[in-house]
Amino acid sequence: MKHLLKLLDLSSDEIIGLLDFADDLKRRQNQGEKHELLKGKTLAMIFEKSSTRTRVSFETGMFQLGGHALCLLSSDLQISRGEPLCDTARVMSRYVDGIMIRTYGQKIAEDLAKYGSVPVINGLTDLAHPCQVLADLMTIREYKGKLEGLKLCYIGDGNNMANSLIVGGLKTGMTVSAACPPEYQPDPLILDFAKEYSDFTLTPDPKEAAKNADVLVTDVWSSMGQEKESSDRRKIFEGKYQINPDIMQISSGGAIVLHCLPAHRGEEITEDVFEAHADEIFTEAENRLHAQKAVLATLMRS
Ligand code: CP
Ligand code: NVA
């Protein structure tokens, strides 16, 4: 594994290996055991979109691993004045040991990896959010003791979270159902991958998807960069694509609920369901730190 650009690029064994490593790093962190696996190393973090969890967990993770992280808003970089990405990639590779990027097109992250010579980590693109889904899988194992054989149900926009959950769930042996409106389906690349799996279903009906689910996941109706579409999207999602008590009733008893955050209460999830499952959701947020430390140490350790 040279980069983490999308989960499609990883084998099942590589995903499980990262989860095992993340569990071990979480244990070491909680026991106060030193684990400076990246002593003296630097990570550059390029942000073209806002972030709370990604920025703080990567920066803290690098510190705990004995390294250092630079937070670079793209508006402050020469990229914003037209410096080509291929030059930025080559310059940064001369200074730092790894680059994390949060951007729009997947091609931007892929090009950074192509032109640079250090590992590149996708901290969210329009296509994928692999770091988040590694944390989600880690959280599911923590609460349910396993992944294989469980049913994961995603309800909402066929966005970066839907795409990465479908791939991550199927690659780790889960049954995956997705309920997305016909207008907002997961990416064709993902559907092409998923069609090989008999354990995958895609439906416009959240109630059908949620039947006997062990894990329910949702995400915002409008992602970053789609703000102008939000009123059109609301008309399609409202009253249907929501995790609420009715959906919980249909799911398996003891189902857990995950949300990558930030959440819009009353839209994709009701306040009561969110608060009843807050422990799972905030453990999921915490696990970003541990899962990313596993990714960083795997990619950047010399
Ligand atoms: N879940 C997630 O990626 O959160 P941020 O946008 O705050 O980084
Ligand atoms: N789908 C959301 C996820 C935010 C973490 C977005 O891309 O804005």
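Only a predicted model underlies this, so the values are computations on that prediction, with no experimental measurement involved.

Undergrad: Whenever I open this one, the packing of helix H3 (residues 85-95) against helix H4 (residues 106-115) confuses me. Can you help?
TA: When two helices pack together, their arrangement is given by the angle between their axes and by how far apart the axes lie. The interhelical angle for the contact between H3 and H4, taken along N-to-C directions, is 50 degrees, at an axis separation of 8 Å. Relative to H4, the element H3 lies oblique. For the crossing formed where H3 meets H4, the hand is right-handed. Contact residues: Leu85, Cys86, Ala89 and Arg90 in H3; Ile108, Asp111, Leu112 and Tyr115 in H4. Along the lines of polarity and charge, the residues of the contact of H3 with H4 split into six nonpolar, no polar and two charged.

Undergrad: What exactly am I supposed to notice about the sheet that holds strand S7 (residues 200-203) here?
TA: Strand pairing in a sheet relies on backbone hydrogen bonds. The paired strands run either parallel or antiparallel. Pairing within the open sheet is parallel, and its five strands lie in the order S7-S6-S5-S8-S9. Both edges of this open sheet fall to S7 and strand S9 (256-259), since each of them pairs with a single strand only. Recorded for the sheet is a direction-independent mean angle of 15 degrees between the axes of neighbouring strands. Where helix H5 (residues 130-144) meets the sheet, it contacts strand S5 (151-155), strand S8 (215-218) and S9, and its direction lies at approximately 160 degrees from that of S9.

Undergrad: I tried to follow the pattern of salt bridges on my own but got confused; where do I start?
TA: Pairs may arise between side chains of opposite charge once their charged atoms sit close together. Tallied over the full model, the rule gives 23 salt bridges. Note that Glu36 and Lys34 form a salt bridge whose closest N and O atoms lie 3.9 Å from each other. Among the charged side chains, a salt-bridge network with shared partners connects Asp24, Arg27, Arg28 and Glu33.

Undergrad: I keep staring at the site of ligand 1 and nothing clicks. Help me out?
TA: Ser51, Thr52, Arg53, Thr54, Arg102, His129, Gln132, Cys260, Leu261 and Arg288 make up every residue found near ligand 1. Here an oxygen atom of ligand 1 sits 2.8 Å away from a polar atom, N or O, in the side chain of His129. Between an oxygen atom of ligand 1 and a side-chain N or O atom of Arg288, the distance comes to 3.0 Å. Taken by itself ligand 1 offers 250 Å² of open surface, and the protein chains cover 95% of this. Across the shell around ligand 1, the residue classes tally to two nonpolar, five polar and three charged.

Undergrad: I keep staring at the site of ligand 2 and nothing clicks. Help me out?
TA: The local shell around ligand 2 consists of Leu124, Asn159, Asn160, Asp219, Ser223, Met224, Cys260 and Leu261. Taking Asn160, its side chain carries an N or O atom lying 2.8 Å from an oxygen atom of ligand 2. At 2.8 Å from an oxygen atom of ligand 2 is found a main-chain nitrogen or oxygen belonging to Met224. For ligand 2, whose free accessible area comes to 270 Å², the fraction covered by protein is 94%. Residue composition of the shell around ligand 2, by class: four nonpolar, three polar and one charged.

Undergrad: Help me understand the sheet that holds strand S4 (residues 120-122), please; the structure alone is not making it clear to me.
TA: Taken in spatial order, the four strands line up as S2-S1-S3-S4 in an open sheet, and their pairing is parallel. Sheet topology places strand S2 (68-73) and S4 at the edges, where each strand pairs with a single neighbour. Put simply, the sheet's adjacent strands are angled 20 degrees from each other on average, direction ignored. For strand S3 (residues 98-102) and S4, the ladder comprises three bridges, and the chain directions are parallel. Bridge pairing in S4 places Ile101 opposite Asn122.

Undergrad: Where do I start with the packing of helix H1 (residues 12-30) against H5 in this structure?
TA: Where H1 contacts H5, the two axes come as close as 10 Å, and the packing angle between them is 70 degrees. On the basis of their axis angle, the class for H1 and H5 is roughly perpendicular. Read as a crossing pair, H1 and H5 show a hand that is right-handed. Each of Ile15, Ile16, Leu18, Leu19, Asp20, Ala22, Asp23 and Lys26 in H1 lies in contact with H5, whose residues at this interface are Leu134, Leu137, Met138, Arg141 and Glu142. Its residues assigned to classes, the contact of H1 with H5 comprises eight nonpolar, no polar and five charged.

Cut-off values and rules
- Residues numbered from 1 in each chain as written.
- Chains lettered and ligands numbered in written order.
- Predicted model: local features only at pLDDT ≥ 70, side-chain atom pairs only at ≥ 80, totals over all residues.
- Heavy atoms only, no water.
- Axes fitted to C-alpha atoms, helices over the stretch in contact; angles between N-to-C directions.
- Helix = DSSP H or I, 4+ residues; strand = E, 2+ residues; numbered from the N terminus.
- Parallel < 35°, antiparallel > 145°, perpendicular 65-115°, else oblique.
- Left-handed = near helix turned anticlockwise from the far one by under 90°.
- Contact = heavy atoms within 4.5 Å.
- Nonpolar A, V, L, I, M, F, W, Y, C, P; charged D, E, K, R; others polar.
- Pairing = 2+ DSSP bridges.
- Salt bridge = Lys/Arg side-chain N within 4 Å of Asp/Glu carboxyl O.
- Near = heavy atom within 4 Å.
- Polar contact = N/O pair within 3.5 Å; in protein donor to acceptor, adjacent residues only side chain to side chain.
- Areas by Shrake-Rupley, 256 points an atom, 1.4 Å probe, with all protein chains shown as cover.

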